[in-house]
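What the coordinates show
As a plain string of letters, each chain reads:
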Amino acid sequence: MTQTMHGIAVSRGIAFGKAYVIKDVDLTFDTYATSDATTELARLQTALDQAESDLERIQEKVEHEQGMSNAAIFDTQILVLHDPDLMNTIKKHIEADTYSAEQALYEATSTYITLLEEMDDEYMQERASDFKDIMRRVLLHLLDIDESLPQNISENAIIVADDITPSETAQMDLQFVKGFITNTGGKTSHSAIMARTLEVPAIVGAKNSTTNIAHGDFIIIDGSTGEVFIQPDRATEEKLMKQYKIYEEEKASWHALKDKPSQTKDNHAVDIVANIGSPQDINQVLHHGAEGIGLYRTEFLYMESYHLPTEEEQFEAYRYVLEQMGDKPVIVRTIDIGGDKKLSYLPLPEEKNPFLGLRAVRFALQQPEIFRTQIRALLRASAYGNLKIMFPMIATLEEFQQAKSIVEEEKQSLKQHDITYREKIDIGIMVEIPSTAILAKQFAKEVDFFSIGTNDLIQYTLAADRMNENVAYLYQPFHPAILHLVKSVVDAAHEENKWVGMCGEMASDLTAIPLLLGLGLDEFSMNAPSILPVRHLLKNLRKTDMEQLANAALTLSTAAEVEQFIRREIEL
Ligand code: PEP
Ligand code: MG
């Protein structure tokens, strides 16, 4: 009989496939005194050989997909496997201390890890993570654990995991990924955003999915309702197959709007632009007829690399995006690292509340060399298209002024070196912290544009972690407080003749769009697959009617009232 479970629907579409369950593995081992050192040494050697061939395989794949420099990290790890001091210490533990191979490996490697971590040298501290990786890999072989890893997926599958991080997605062969289910997360956790960008149906916050679903189970997920069907019966499968076909037909009909302008029934024009995470996303952006890029999340460039991307590597990425988009605007957001976005090669201090910590522009201003490298790459690339620069997580006017003056200084330095760049580059900010939304009037005098980042603005306004499914009920885009903030940002900007976009997920929510149009939003930035359905919806709305709708919504008291009101007024 079909078993069902539920989660939060975050990416539309229906997917059918075998479950690929990614679980944290248990690496605990028994400690025992061995009387047979020869057997333990032979077990150790086999595990070391297996680990080495794993590394060679991964290295080959990385080299093929990402180039030599990223593949080089695996040379360091292979060298660790041949480190004579380490190997002698492990052997001594087995022969003299009668440790099992597992315990000998663990004790010897842990000593090295502690030593490296305590060193004052950043390079050495980073080597500790190589030793940790190696220890884990060899232990997996000693314990004969077959770990299901995202990078090993080689046939069509629906991934079931506790969470899926952006770096795991980067390692997956996406042609095989037909859907995602995760135990944790909410509508705007980065796994959800990625799923929408990849046009992969997804459900997050499906608690216990990794225990309820077995590796290899046939499952169906409905990314519009949040339903998961485990080992479905024939009738269920047929019903969902029908819905799948209807959705595919609807998608095909939107395609007629690809090269049409985005305007309402009463001829009010807006811009519908795309959010991207990497230059590869451009194909999709062009395929779905975006009128520009409203948010290029550059931190993925840093996350998908094994080292800080050089100025040259960044320049190439930015230039490619700008050239591909021709004279259409491309808003590049400067590095937004921190929160749930981490860099393996640049360990940041552990923070109790990373979303309230050293993130985004705060990080950039504290690491000026990293920031200046990015700005130089951007300025050089500006000669190739219509670049606009945007700073994330601005909380104070001083932060904006400091970041902007770095751009000005780097322009001067390029000028002195006779390097070309575009003189007029608009500089804007993301409005994602309530202090900035409240003070929009003052900001509007200094910035060229605003882009409202509702993913963070909602979490900070309602004090509800966007990643935490336990408080997902408080994560309310339709909360009147959010609407009032959006209105005051739009009004403040228009007063100064500046424009306002929105690049948070709310901008592609079909229920929110009538309201946002009525509040006066000028630009809607979203995952590329949402562009055409949104263009289709706007075509059927009148701006003047939506202004009345928005004014009425602003008088309501709860998110539920607002949502019900819109649904009643607009047939969606
Ligand atoms: C936002 O906060 O709305 C946003 C677009 O940025 P991110 O989701 O990358 O934090
Ligand atoms: Mg944000």
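Whatever comes next refers back to the structure up there.
Source: prediction; values computed, not measured.

1. Remarks on the site of ligand 1
Surveying the vicinity of ligand 1 reveals 17 residues, the closest of which are R297, R333, G453, N455 and R466. Between an oxygen atom of ligand 1 and a side-chain N or O atom of R359, the distance comes to 3.4 Å. Side-chain polar atom of E432 to an oxygen atom of ligand 1: 2.9 Å apart, as the coordinates give it. Residue assignment for the shell around ligand 1 shows that the elements contributing at least two residues are helix 8 (190-198), strand 10 (293-297) and helix 19 (454-462).

2. A closer look at the packing of aromatic side chains
The tally for this structure, following the rule as stated, stands at nine aromatic pairs. When the centroid spacing of 5.4 Å and the interplanar angle of 15 degrees are considered together, the rings of Y112 and F131 count as stacked. One end of the pair, Y112, is in helix 5 (residues 101-118); the other, F131, is in helix 6 (residues 122-142), with 19 residues separating them in the sequence. Summarising the burial analysis for this pair, Y112 and F131 share the class buried. Taken together, F371, F391 and F400 form an aromatic cluster joined through their ring pairs. Across from the ring centre of Y384, 5.2 Å away, lies the NZ or CZ of R319, which sits over that ring. In this arrangement the basic side chain of R380 is found over the ring face of F315, its NZ or CZ atom lying 4.2 Å from the centre.

3. Details of the sheet that holds strand 7 (residues 218-222)
If you trace the eight strands from one edge of the open sheet to the other, you get 1-8-7-3-4-5-6-2, paired in mixed fashion. This sheet does not close on itself; its edge strands, each paired only once, are strand 1 (3-6) and strand 2 (8-11). The sheet shows a mean angle of 30 degrees between the axes of neighbouring strands, direction not considered. Sheet topology note: the strand 3 (residues 14-22)/strand 7 ladder contains five bridges and is antiparallel. When the bridges of strand 7 are listed, G17 appears paired with I219. Taken strand by strand, helix 8 contacts strand 2, strand 5 (177-182) and strand 6 (202-204), and its axis lies near 45 degrees from that of strand 2.

4. Here we look at the coordination of the magnesium ion (ligand 2)
Note on the magnesium ion (ligand 2): its protein donors are E432 (OE) and D456 (OD). The metal-donor distances range over 2.0 to 2.2 Å. Within this pair, whereas E432 is found in the loop between strand 13 (426-431) and helix 17 (434-438), its partner D456 is found in helix 19, the two being separated by 24 residues in sequence. Given the relative accessible area of 2%, E432 is considered buried.

5. Here's the deal with a negative patch on the surface
Taken together, the side chains of E56, E60, E63 and D75 define an acidic patch exposed on the protein surface. Tracing the backbone through its elements, the reader meets D75 in helix 3 (residues 73-81).

6. Observations concerning helix 15 (residues 368-381)
In an α-helix, one full turn covers 3.6 residues, which means residues spaced three or four apart are oriented alike. For helix 15, spanning 14 residues, the distance from its first C-alpha to its last is 20 Å, which sits close to the expected 20 Å at 1.5 Å a residue. Among the 14 residues of helix 15, twelve are classified as buried, and the element is accordingly described as predominantly covered. Along helix 15, the residues that are buried comprise I370, F371, R372, T373, Q374, I375, R376, A377, L378, L379, R380 and A381. Buried positions along helix 15 lie against helix 12 (299-303), helix 13 (311-325), strand 11 (329-333), helix 14 (360-366), strand 12 (386-391) and helix 16 (397-416).

7. Some words on the side chain of E102
Among the secondary structure elements, E102 is positioned in helix 5. Owing to a relative accessible area of 5%, E102 belongs among the buried residues under this scheme. When near neighbours in sequence (up to four residues on either side) are disregarded, E102 contacts F29, Y32, E40, R43, L139, L142 and L143.

8. Quick word on the pattern of salt bridges
Enumeration according to the criterion identifies 33 salt bridges in this entry. The partner of E299 in a salt bridge is K341, and the shortest N-O contact between them spans 2.8 Å. Placement of the pair is E299 in helix 12 and K341 in the loop between strand 11 and helix 14, with a sequence separation of 42 residues. You'll find E299 and K341 in the same group, each marked buried. Overlapping salt bridges, with partners in common, bring together E299, R333, D336, K341, R359, D456 and R466 in one network.

9. Thoughts on the packing of helix 4 (residues 84-95) against helix 5
Viewed as axis vectors pointing N to C, helix 4 and helix 5 meet at an angle of 140 degrees, and their least axial separation amounts to 8 Å. In terms of orientation, helix 4 lies oblique with respect to helix 5. Here helix 4 and helix 5 pass one another in a crossing that is right-handed. Mapping the contact onto sequence places D85, L86, T89, I90, H93 and I94 in helix 4 and A101, A104, L105, E107, A108, T109 and Y112 in helix 5.

10. Quick look at the sheet that holds strand 11
With parallel pairing, the eight strands of this closed barrel are ordered in space as 9-10-11-12-13-14-15-16. Each strand axis lies, on average, 25 degrees off the axis of its neighbour in the sheet, ignoring direction. Note that strand 15 (residues 499-502) and strand 16 (residues 523-526) share two bridges and pair parallel. Following the sheet pairing, G501 is matched in strand 16 by E523.

11. What about unusual backbone geometry?
Backbone geometry follows two general trends: most residues other than glycine have a negative phi, and most peptide bonds adopt the trans configuration. Look at T98: it is not a glycine, yet its phi comes out positive at around 55 degrees. Assignment of secondary structure puts T98 in the loop between helix 4 and helix 5. With phi around 65 degrees, N208 is a residue other than glycine that occupies positive phi space. Tracing the sequence through the fold places N208 in the loop between strand 6 and helix 9 (209-212).

12. Looking at the pairing of strand 14 (residues 449-452)
Along strand 14, one buried face is formed by F449 and S451 and the opposite face, lined by F450 and I452, is buried too. The pairing of strand 13 with strand 14 spans four bridges and is parallel. Among the inter-strand pairings, M430 is bridged to a residue of strand 14, identified as S451. Two elements, strand 14 and strand 15, share four bridges in a ladder whose sense is parallel. Following the sheet pairing, I452 is matched in strand 15 by M502.

Calculation criteria
Residues numbered from 1 in each chain as written. Chains lettered and ligands numbered in written order. Predicted model: local features only at pLDDT ≥ 70, side-chain atom pairs only at ≥ 80, totals over all residues. Heavy atoms only, no water. Near = heavy atom within 4 Å. Polar contact = N/O pair within 3.5 Å; in protein donor to acceptor, adjacent residues only side chain to side chain. Helix = DSSP H or I, 4+ residues; strand = E, 2+ residues; numbered from the N terminus. Phe/Tyr/Trp six-rings, centres within 6.5 Å; stacked < 30°, edge-to-face > 60°. Buried < 20%, exposed > 50% of the residue type's maximum accessible area, 1.4 Å probe, protein only. Lys NZ or Arg CZ within 6 Å of the ring centre and 35° of its normal. Pairing = 2+ DSSP bridges. Axes fitted to C-alpha atoms, helices over the stretch in contact; angles between N-to-C directions. Contact = heavy atoms within 4.5 Å. Donors = N, O, S within 2.8 Å, 3.2 Å for Na, K, Ca; no water. Patch = residues over 30% accessible without salt bridge, like charges linked within 9 Å, V, L, I, M, F, W, Y side chains within 5 Å. Areas by Shrake-Rupley, 256 points an atom, 1.4 Å probe, with all protein chains shown as cover. Salt bridge = Lys/Arg side-chain N within 4 Å of Asp/Glu carboxyl O. Lys, Arg positive; Asp, Glu negative; His and termini not counted. Charge placed at Lys NZ, Arg CZ, Asp CG, Glu CD. Expected span 1.5 Å × (residues − 1). Parallel < 35°, antiparallel > 145°, perpendicular 65-115°, else oblique. Left-handed = near helix turned anticlockwise from the far one by under 90°.

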